[in-house]
Amino acid sequence: MVLGKFTKEMIVNKICCIGAGYVGGPTMAVIAKNNPNIKITIVDINQKRIADWNDKDLSKLPIYEPGLSQIVEKIRDKNLFFSTEIDKAINESEMIFISVNTPTKTYGKGKGMAADLKYVELCARKIAEVAKTDKIVVEKSTLPVRTAEAIKSILHNTGNGINFHILSNPEFLAEGTAINDLLNPDRVLIGGESETAIESLANIYASWVPQEKILRTNLWSSELSKLTANAFLAQRVSSINSISELCEHTEANVNEVAKAIGMDSRIGPKFLKASVGFGGSCFQKDILNLVYIARSYNLNEVADYWEQVIIMNDHQKRRFSDRLIKTLYNTVSGKKIAFLGWAFKKDTNDTRESAAIYVADHLLNEQAKISVYDPKVAEEKILNDLNYLNTRTEEENENGVSYLSSPYEATKDAHAIAIMTEWDEFKDYDWEQIYSQMKKPAFIFDGRNILDKNKMNTIGFEYYSIGQ
Ligand code: UDX
Ligand code: ADP
């Protein structure tokens, strides 16, 4: 049994990707599109998900991502396949990507902080159990630093006497722009110990990514870079959100401040948009992970520093609901509050850690009646998200929240509108009509600063936004 030693570059004809989610789906679609000679099979234990990926009706694909269905339509069943036959796909492939979910632990040691690696471990055990030939195993999921060591150890101790090599190849795509991010990446990062294994993967990316953008590092730098990138991005959002609160107490306008500081080339203009708070499956999870790792090395100042990014984000969400309640004469009991948007950002149907979930939870505690409209989020997801918090019974959530298939129905007779996601279509609604059918005074709380304040005031709305 030799770990990490390939004498020559491995020719990759077949790839297996375990996990058909927001990372695995788009990433493999783009790799397959650019490497027509490689057969890629994405496998998942979730049969319904695989059936949805294989559905003739492309609007049924399990994830919504601009540009994705067009690629899937072209290459599905040509060199991109979706299957539940995990063992077969592992066996026939030279390279296996692990793209399963790594949520924050909800139990035991590290509860609420550390990443739950049970799905990754199951994948490693599965590979060890069924592999009959040498494999390159690529970590694609976001993982805590030194996870590769755990994967290595499992493959080493329960393997079939064959060679495995582990690479870390973190994903930097952002949902909503995933296809463009994958087609034109700022960089591709490959961490590993064996040069030949690294080059096998680099060759696959080189079919469309310029060589100078393909970085090679050691395993641990690669793993830590992913956590650090997300922590820096989230930290920018929390920084501007902290300033938004100050703006609300002064005559300053956070959009103007963001523009003024963003024009400093050292700061740059991106990720300075004040909001009701960041969400998504990565930012909070990765920072909590960073904090957990720092604490485990007794680096308490480092841990406290990054933890503050999360504390600020929680404060921003709480502040939004508190302001809404206070403005509605200190009570929302029995009042209809219309949520426009439930996804954690526009152009995705993903709702993980969306600010909408937490704001809804606060308002439900105050007995509000919430009606939700989101262009892409399915009704059952909304209830699942609330039930997952375990704040109240499922029946109470069902009584408190309703889903409407049109924004005009969702806002009818509402006391207030909360804009939770920055979907472009929200800007183009007939706001006069919406105003005419709401209870008066009609309030808008724009958690994304997407509407025109003067226009809303002229129509008659009492309009509140973030940091202005
Ligand atoms: C992020 C990273 O950007 C990506 O590189 C990584 O691979 C995964 O995590 P994602 O979570 O999909 O991607 O979306 P992102 O665009 O980063 O937005 C995260 C959250 O921050 C969203 O809720 C978004 O609305 C919020 N945000 C972002 C702001 O509130 N203001 C901003 O200026 C930018
Ligand atoms: P991400 O955003 O990281 O892609 P998702 O939750 O969208 O996360 O997707 C992860 C996918 O991985 C899910 O579809 C889940 O069913 C799948 N998965 C989790 N564990 C395993 C496993 N052991 N074998 C195969 N698929 C798995």
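Refer to the preceding data block for the structure.
Residues numbered from 1 in each chain as written. Chains lettered and ligands numbered in written order. Predicted model: local features only at pLDDT ≥ 70, side-chain atom pairs only at ≥ 80, totals over all residues. Heavy atoms only, no water.

Participant: Can you help me understand the overall build of the protein chain in this one?
Facilitator: The helix and strand inventory of the protein chain stands at 18 helices and 14 strands. Over its C-alpha trace the protein chain gives a radius of gyration of 24 Å, about what one expects of a compact globule, namely 23 Å for 468 residues. Viewed in the frame of its principal axes, the protein chain has a C-alpha envelope of about 75 × 50 × 45 Å. Scored against the burial criterion, the 468 residues of the protein chain give a buried share of 54%. (Helix = DSSP H or I, 4+ residues; strand = E, 2+ residues; numbered from the N terminus. Rg over C-alpha atoms; globule rule 2.2 N^0.38 Å. Buried < 20%, exposed > 50% of the residue type's maximum accessible area, 1.4 Å probe, protein only.)

Participant: Help me out: how do you make sense of the site of ligand 2 in this one?
Facilitator: Around ligand 2 sit 16 residues in total, of which Tyr22, Val23, Asp44, Arg49 and Arg352 are the nearest. Take Tyr22: an N or O atom from its main chain is 3.1 Å from an oxygen atom of ligand 2. At 2.8 Å, a side-chain N or O of Arg352 approaches an oxygen atom of ligand 2. Considering ligand 2 on its own, with 580 Å² of exposed area, one finds that the protein chains cover 88% of that surface. Here the shell around ligand 2 is built from residues that sort into eight nonpolar, five polar and three charged. (Near = heavy atom within 4 Å. Polar contact = N/O pair within 3.5 Å; in protein donor to acceptor, adjacent residues only side chain to side chain. Areas by Shrake-Rupley, 256 points an atom, 1.4 Å probe, with all protein chains shown as cover. Nonpolar A, V, L, I, M, F, W, Y, C, P; charged D, E, K, R; others polar.)

Participant: Looking at this structure, how should I read empty space enclosed by the protein?
Facilitator: In this approach the atoms are scanned with a rolling probe the size of a water molecule, which exposes any empty space left behind. According to the stated counting rule, one finds three cavities of 30 Å³ or more in the structure shown. Quantified by volume, the largest cavity comes out at close to 40 Å³. Residues belonging to the lining of the largest cavity are distributed by class as follows: two nonpolar, three polar and three charged. (1 Å grid on protein atoms, 1.4 Å probe; cavity = no way out; pocket = protein on both sides within 12 Å on 5 of 7 lines; lining within 4 Å. Points joined across faces, edges and corners; volume = space filled by probe spheres on them.)

Participant: Is there a simple way to think about the environment of Ile90 in this case?
Facilitator: Considering the arrangement of structural elements, one finds Ile90 in helix H4 (residues 86–92). Relative accessible area serves as the criterion here: at 0%, Ile90 is assigned to the buried category. Expressed as a C-alpha distance, the spacing of Ile90 and Ile240, which sit 150 residues apart in the sequence, is 45 Å. With near-sequence residues (within four places) excluded, Ile90 lies in contact with Cys16, Ile18, Ile96, Lys126, Ile127, Val130 and Lys135. (Contact = heavy atoms within 4.5 Å.)

Participant: Looking at this model, I keep getting lost on the pairing of strand E2 (residues 39–43). Mind explaining?
Facilitator: Consecutive side chains along a regular strand alternate between the two faces of the sheet. Counting buried residues in E2 gives four out of five residues, a clear majority hidden from the surface. Pairing of strand E1 (residues 14–18) with E2, which is carried by five bridges, proceeds in the parallel orientation. Pairing of Ile18 across the sheet is with Val43, part of E2. For the crossover from E1 across helix H1 (residues 24–34) to E2, the handedness is right-handed. (Pairing = 2+ DSSP bridges. Right-handed = clockwise from strand over helix to strand, strands pointing away.)

Participant: What's the story with the packing of H1 against helix H3 (residues 68–75) in this structure? I'm lost.
Facilitator: How two helices pack is summed up by the angle between their axes together with the distance between the axes. Where H1 meets H3, the closest approach of the two axes is 10 Å, and the angle between their N-to-C directions is 50 degrees. Our classification of the angle between H1 and H3 gives oblique. By crossing handedness, the relation of H1 to H3 is classed as left-handed. Side by side, H1 and H3 meet where Pro26, Ala29, Val30, Ala32 and Lys33 of the first sit next to Leu68, Ile71 and Ile75 of the second. By residue class, the composition of the contact of H1 with H3 is seven nonpolar, no polar and one charged. (Axes fitted to C-alpha atoms, helices over the stretch in contact; angles between N-to-C directions. Parallel < 35°, antiparallel > 145°, perpendicular 65-115°, else oblique. Left-handed = near helix turned anticlockwise from the far one by under 90°.)

Participant: Is there a simple way to explain the nonpolar core in this structure?
Facilitator: The nonpolar side chains of a soluble globular protein tend to be buried with one another. With 58 residues, the main nonpolar core has Phe339, Trp342, Leu363 and Trp431 as its most contacted residues. Aside from chain neighbours lying at most four places away, what touches Trp342 is Thr351, Ser354, Ala356, Ile357, Ala360, Val372, Asp374, Val377, Ile382, Asp385, Leu386 and Thr421. Among the nonpolar cores identified, the runner-up in size contains 44 residues, and Ile15, Ile50, Trp53 and Ala178 belong to it. (Core = buried A, V, L, I, M, F, W, Y, C linked by side-chain atoms within 4.5 Å.)

Participant: Help me out: how do you make sense of the layout of surface pockets in this one?
Facilitator: Estimated volume of the second largest pocket: approximately 440 Å³. Considering the residues around the second largest pocket, the lining is formed by 21 residues, among which Pro144, Val145, Asn289, Ile293 and Ser296 are closest to the centre. Sorting the residues of the lining of the second largest pocket by element identifies helix H6 (147–158), helix H9 (219–249), helix H11 (283–296) and helix H12 (300–327) as the ones contributing at least two each. The biggest single contributor to the lining of the second largest pocket is H11, with six residues.

Participant: Help me understand the packing of aromatic side chains, please; the structure alone is not making it clear to me.
Facilitator: When we look at a pair of aromatic rings, we describe it by the centre distance and by the angle of the planes. With the rule as written, the count across this model stands at 15 aromatic pairs. On the basis of an interplanar angle of 50 degrees and a centroid distance of 5.6 Å, the ring pair of Phe426 and Tyr429 is categorised as tilted. Just as Phe426 is buried, Tyr429 falls in that class too. Residues Phe445 and Tyr464 carry aromatic rings whose centres are separated by 5.2 Å and whose planes lie at 10 degrees to one another, so their mutual orientation is stacked. With Phe445 in strand E13 (residues 443–446) and Tyr464 in strand E14 (residues 462–465), the pair connects residues that are 19 residues apart, well separated along the chain. Taking relative accessible area as the criterion, Tyr464 reaches 24% and is therefore assigned partly exposed. Aromatic rings pair up to connect Tyr408, Phe426, Tyr429, Trp431, Tyr435 and Phe461 into one cluster. The ring of Tyr358 has Lys317 lying over it, and the distance from NZ or CZ to the ring centre is 4.2 Å. For Lys440, the ring lying beneath its charged end belongs to Tyr435, and the centroid distance is 4.7 Å. (Phe/Tyr/Trp six-rings, centres within 6.5 Å; stacked < 30°, edge-to-face > 60°. Lys NZ or Arg CZ within 6 Å of the ring centre and 35° of its normal.)

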